[in-house]
Amino acid sequence: MSQMIDFLAAPAFAAGGDASGGGSMLSLLPLIIIFVVFYFLLIRPQQKRAKQHKEMVAALKKGDEVATNGGTAGVIVKVGDNFIDLQIAEQVVIKVQRHAVAAMLPKGTLKSS
């Protein structure tokens, strides 16, 4: 019985691996490379877009032509801290949250359509 235990235990000790730890650092290298690629392809561009959107929303002023996330386009008639009043047609003004503005349109865009 003792020989049977010795026979089974010997491979377990032999499979212990490299004691220097060099193999574990090498196995982490692909994970580190994947993180770096994700950072430069996904995370960094998203942070840049978020910063640009925040700056655009902070710069909104009366008379700007904007498009909202819902696709509504209009001219800003009043700017508040959290909301803007957006004129979408003659005598039709709606209240929209500032962060819902998706893009600023070039001047004259709404007049030509």
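In this text, all values refer to a predicted model and were calculated from it rather than measured experimentally.

### Side note on the overall build of the chain
Of regular secondary structure, the chain possesses three helices and five strands. The secondary structure elements of the chain, listed N-terminal to C-terminal, are α-α-β-β-β-β-β-α. Classification of the 113 residues of the chain by burial places 15% in the buried group. Sequence separation of at least 24 residues holds for 40% of the intrachain contacts in the chain that already meet a minimum separation of 6. Carbon and sulfur atoms make up 65% of the accessible area of the chain, which totals about 8,900 Å².

### Overview of unusual backbone geometry
In this structure, Gln91 is a non-glycine residue whose phi angle is positive, near 60°. Mapped onto the secondary structure, Gln91 falls in the loop between β3 (83–89) and β4 (92–97). For Gln91, a relative accessible area of 79% gives the class exposed.

### Describing the pairing of strand β2 (residues 73–79)
Here strand β1 (residues 65–68) runs beside β2; their pairing, made up of three bridges, is antiparallel. Bridged to Glu65 within β2 is Val75. As consecutive antiparallel partners, β1 and β2 are separated by four residues, and within that stretch Gly71 has a phi angle of approximately 95°, a positive value. Summarising the sheet, β2 and β3 pair through four bridges and their orientation is antiparallel. Looking at β3, one finds that Val75 is bridged to Gln87. Count of turn residues in the β2/β3 antiparallel hairpin: three residues.

### Observations regarding the pairing of β1
Residues Glu65 and Ala67 point to one face of β1 and Val66 and Thr68 to the other, with burial holding for every one of them. Both β1 and strand β5 (residues 101–105) contribute to a ladder of four bridges, which runs antiparallel. Of the residues in β5, the one forming a bridge with Glu65 is Leu105.

### Overview of the side chain of Asp85
Note that Asp85 resides in strand β3. On the basis of relative accessibility, which here comes to 15%, the residue Asp85 falls in the buried class.

### Notes on the sheet that holds β3
What links the strands of a sheet is backbone hydrogen bonding, and the strands pair in either a parallel or an antiparallel sense. Pairing in this open sheet of five strands is antiparallel, and the strands run β4-β3-β2-β1-β5 from one edge to the other. Each edge of the open sheet carries a strand with a single partner, namely β4 and β5. Across the sheet, the mean angle separating the axes of adjacent strands is 45° when strand polarity is ignored.

Reading the values: the criteria
Residues numbered from 1 in each chain as written. Predicted model: local features only at pLDDT ≥ 70, side-chain atom pairs only at ≥ 80, totals over all residues. Heavy atoms only, no water. Helix = DSSP H or I, 4+ residues; strand = E, 2+ residues; numbered from the N terminus. Buried < 20%, exposed > 50% of the residue type's maximum accessible area, 1.4 Å probe, protein only. Contact = heavy atoms within 4.5 Å. Areas by Shrake-Rupley, 256 points an atom, 1.4 Å probe, with all protein chains shown as cover. Pairing = 2+ DSSP bridges. Axes fitted to C-alpha atoms, helices over the stretch in contact; angles between N-to-C directions.

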